[in-house]
Amino acid sequence: MEKKNLDWANLGFGYVQTEKRYVTNYKNGAWDEGVITEDANVVLNECAGVFQYAQTCFEGLKAYTTEDGRIVTFRPDLNEQRMKDSCTRLVMPTLPDGRFVEAVKAVVKANAEYVPPFGSGATLYLRPYMFGTNPVIGVKPANEYQFRIFTTPVGPYFKGGAKPLTLCISDYDRAAPHGTGHIKAGLNYAMSLHAITEAHKNGFDENMYLDSATRTKVEETGGANFLFVTKDNKIVTPKSDTILPSITRRSLMVVAKEYLGLEVEEREVYKDELKDFAECGLCGTAAVISPVGKIVDHGKEICLPSGMGEMGPTTKKLYETLTGIQMGRIEAPEGWVVEIEL
Ligand code: PLP
Ligand code: COI
């Protein structure tokens with residue numbers, strides 16, 4: 001199979017339309033069979049549930065080319081489970097068991113020419129999503145839905161790749177106690193658009209959100225969880241019911257413990273502790289692990305000892321081990337790497 005002739009090394013995190021996507025529709029209480037289609041447009045009634053009351057959720061995962069030329073995805077079963085949790089919380093139907101992973105395999109196979117070559121620094125990003133399609137005007141769930149997956153080749157989420165980021169502690173909240181912070185609802189991201197626009201205008205790369213109940217604890221950014229490295233080389237990640245359970249973060253905790261022999265801790269992390277950490281990283285499918293060099297709290301700078309020049313040494317080891325597993329250079333735990341049969 002010939003790869004497309006794209007400038008892989010210079011891709012950013014943007015939308016590059018490919019020819020094929022997966023679509024399935026839910027009507028009268030059942031999902032249809034699902035197909036790969038070439039139609040990138042969605043035409044809906046003006047009153048569709050997704051337009052009126054934002055009834056939509058999504059996922060994000062990647063396909064990689066390994067050194068020996070295979071195409072693989074990373075833990076798609078966890079995306080399937082998380083999408084189920086999102087759908088259930090938003091009163092949307094769930095796909096039959098295994099259907100999500102089947103759709104992932106079908107759409108990656110259909111777009112194999114767009115899976116960036118090994119070593120190019122790029123990957124194929126998959127965006128599964130579901131939305132209410134029938135007219136809804138009283139506040140209630142839709143009864144017809146569409147689930148789609150499109151793909152787009154992407155480079156690093158943050159411009160500058162592995163250059164440490166500067167964050168600001170946001171005065172806005174991303175999620176409420178007992179709200180939807182733990183699922184991947186489109187509405188959570190709509191909530192964050194004003195805050196991220198302000199942060200960028202003020203020269204910051206991202207926001208650090210605090211818990212909205214007490215504003216004393218670290219939650220996450222708009223699109224990634226936090227990992228901290230203590231001065232005695234322990235890995236700490238915030239525990240909270242209002243953050244998204246990142247698959248990357250959960251995998252990195254296993255990598256830290258099982259592959260690097262580090263002590264790991266998932267616990268509440270207070271804003272006042274930030275000054276004591278040695279390294280900080282943002283972890284997620286898009287972010288992979290992006291190092292943080294500085295956190296600004298209303299004008300007060302908290303500078304991580306790892307600095308603004310490059311990734312800290314432990315973050316780097318985590319990054320190299322995780323991406324090594326994802327790209328087949330390092331043996332993966334059972335079930336983590338799922339090969340696409342072409
Ligand atoms: N937190 C938020 C708010 C996100 O949008 C994402 C991205 O999916 C993550 C964390 C990271 O999750 P994952 O590692 O599963 O991509
Ligand atoms: C992902 O990492 O897949 C996400 O959905 C986060 C988003 C900010 C791109």
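Residues numbered from 1 in each chain as written. Chains lettered and ligands numbered in written order. Predicted model: local features only at pLDDT ≥ 70, side-chain atom pairs only at ≥ 80, totals over all residues. Heavy atoms only, no water.

Enquirer: Is there a simple way to explain the nonpolar core in this structure?
Expert: Phe-100, Val-108, Leu-126, Met-130, Phe-147 and Ile-149 are the most contacted members of the largest nonpolar core, which totals 32 residues. Per-element tally for this core: the top contributor is helix H3 (residues 99-110), with six residues. Once residues lying within four places of it in the same chain are set aside, the contact partners of Ile-149 are Arg-21, Tyr-22, Ala-103, Val-104, Val-107, Leu-126, Arg-127 and Pro-128. Core analysis: the second largest hydrophobic core is formed by 21 residues, Ala-224, Phe-226, Leu-274 and Ile-302 among them. (Core = buried A, V, L, I, M, F, W, Y, C linked by side-chain atoms within 4.5 Å. Buried < 20%, exposed > 50% of the residue type's maximum accessible area, 1.4 Å probe, protein only. Helix = DSSP H or I, 4+ residues; strand = E, 2+ residues; numbered from the N terminus. Contact = heavy atoms within 4.5 Å.)

Enquirer: For this particular structure, what's the right way to read the site of ligand 1?
Expert: The environment of ligand 1 is formed by 16 residues, the closest being Tyr-189, Glu-220, Ser-246, Thr-248 and Thr-285. One of the backbone N or O atoms of Ile-247 is found 2.8 Å from an oxygen atom in ligand 1. In the environment of ligand 1, an oxygen atom lies 2.6 Å from a nitrogen or oxygen atom belonging to the side chain of Thr-285. Expressed as a share of its isolated accessible area of 380 Å², the protein-covered part of ligand 1 is 96%. Placement of ligand 1 is best described as lying within the largest pocket. Elements with a contribution of two residues or more to the shell around ligand 1: helix H5 (247-259) and strand E14 (279-284). (Near = heavy atom within 4 Å. Polar contact = N/O pair within 3.5 Å; in protein donor to acceptor, adjacent residues only side chain to side chain. Areas by Shrake-Rupley, 256 points an atom, 1.4 Å probe, with all protein chains shown as cover. 1 Å grid on protein atoms, 1.4 Å probe; cavity = no way out; pocket = protein on both sides within 12 Å on 5 of 7 lines; lining within 4 Å. Sits in = over half its atoms within 2 Å of the grid points.)

Enquirer: Honestly, empty space enclosed by the protein in this entry has me stumped. Any pointers?
Expert: Think of a ball as big as a water molecule: rolled over the atoms, this probe shows where empty space is left. Following the criterion strictly, the structure yields four cavities of 30 Å³ or more and no others. Roughly 120 Å³ of volume is contained in the largest cavity. Those elements that provide at least two residues to the lining of the largest cavity are strand E5 (61-65), H5 and helix H6 (313-326). Here the lining of the largest cavity is built from residues that sort into six nonpolar, six polar and one charged. (Points joined across faces, edges and corners; volume = space filled by probe spheres on them. Nonpolar A, V, L, I, M, F, W, Y, C, P; charged D, E, K, R; others polar.)

Enquirer: Looking at this structure, I do not really get the packing of H5 against H6. What am I missing?
Expert: What describes two packed helices is the angle between their axes and the distance between those same axes. Between H5 and H6, the shortest axis-to-axis distance is 10 Å and the interhelical angle comes to 105 degrees. As judged from the angle between their axes, H5 and H6 are roughly perpendicular. Residue-level contacts link Thr-248, Ser-251, Leu-252, Val-255, Ala-256 and Tyr-259 of H5 to Leu-318, Thr-321, Leu-322 and Ile-325 of H6. Across the contact of H5 with H6, the residue classes break down as seven nonpolar, three polar and no charged. (Axes fitted to C-alpha atoms, helices over the stretch in contact; angles between N-to-C directions. Parallel < 35°, antiparallel > 145°, perpendicular 65-115°, else oblique.)

Enquirer: Before we go on, may I ask you to explain the layout of surface pockets in this structure?
Expert: Taken as a whole, the largest pocket spans an internal volume of roughly 1000 Å³. Along the wall of the largest pocket there are 48 residues; nearest its centre are Phe-13, Arg-127, Tyr-157, Tyr-189 and Gly-223. Those elements that provide at least two residues to the lining of the largest pocket are helix H1 (49-53), strand E4 (56-58), strand E7 (123-132), strand E8 (145-154), helix H4 (186-201), H5 and E14. Looking at side-chain class alone, the lining of the largest pocket contains 25 nonpolar, 15 polar and eight charged residues.

Enquirer: How do you make sense of the pairing of E14 when you look at a structure like this?
Expert: For a regular strand, side chains alternate in direction, first toward one face of the sheet and then toward the other. Within E14, six of the six residues are buried, which leaves the element mostly enclosed by the surrounding structure. Where strand E11 (residues 225-229) meets E14, five bridges bridge the pair, whose relative direction is antiparallel. Counted as the bridge partner of Phe-228 is Cys-280 from E14. Both E14 and strand E15 (residues 288-297) contribute to a ladder of five bridges, which runs antiparallel. Its bridge partner being in E15, Cys-280 is matched across the sheet by Val-292. Hairpin connection from E14 to E15: three residues lie between these consecutive antiparallel strands. (Pairing = 2+ DSSP bridges.)

Enquirer: Hey, could you run me through the packing of aromatic side chains in this one?
Expert: Following the criterion strictly, the structure yields 14 aromatic pairs and no others. Ring centres of Tyr-15 and Phe-150 lie 5.5 Å apart, and the angle between their planes is 80 degrees; on these two criteria the pair is classed as edge-to-face. Of this pair, Tyr-15 sits in the segment before strand E1 (21-27) while Phe-150 sits in strand E8, and the two are 135 residues apart along the sequence. Residue Phe-150 is classed as partly exposed on the basis of its relative accessible area, which comes to 22%. (Phe/Tyr/Trp six-rings, centres within 6.5 Å; stacked < 30°, edge-to-face > 60°.)

Enquirer: Before we go on, may I ask you to explain the environment of Gly-121 in this structure?
Expert: If you trace the backbone, Gly-121 turns up in the loop between H3 and E7. The exposure class of Gly-121 is exposed, given its relative accessible area of 63%. Spatially, the C-alpha atom of Gly-121 lies 9.6 Å from that of Gly-161, the residues being 40 residues apart in sequence.

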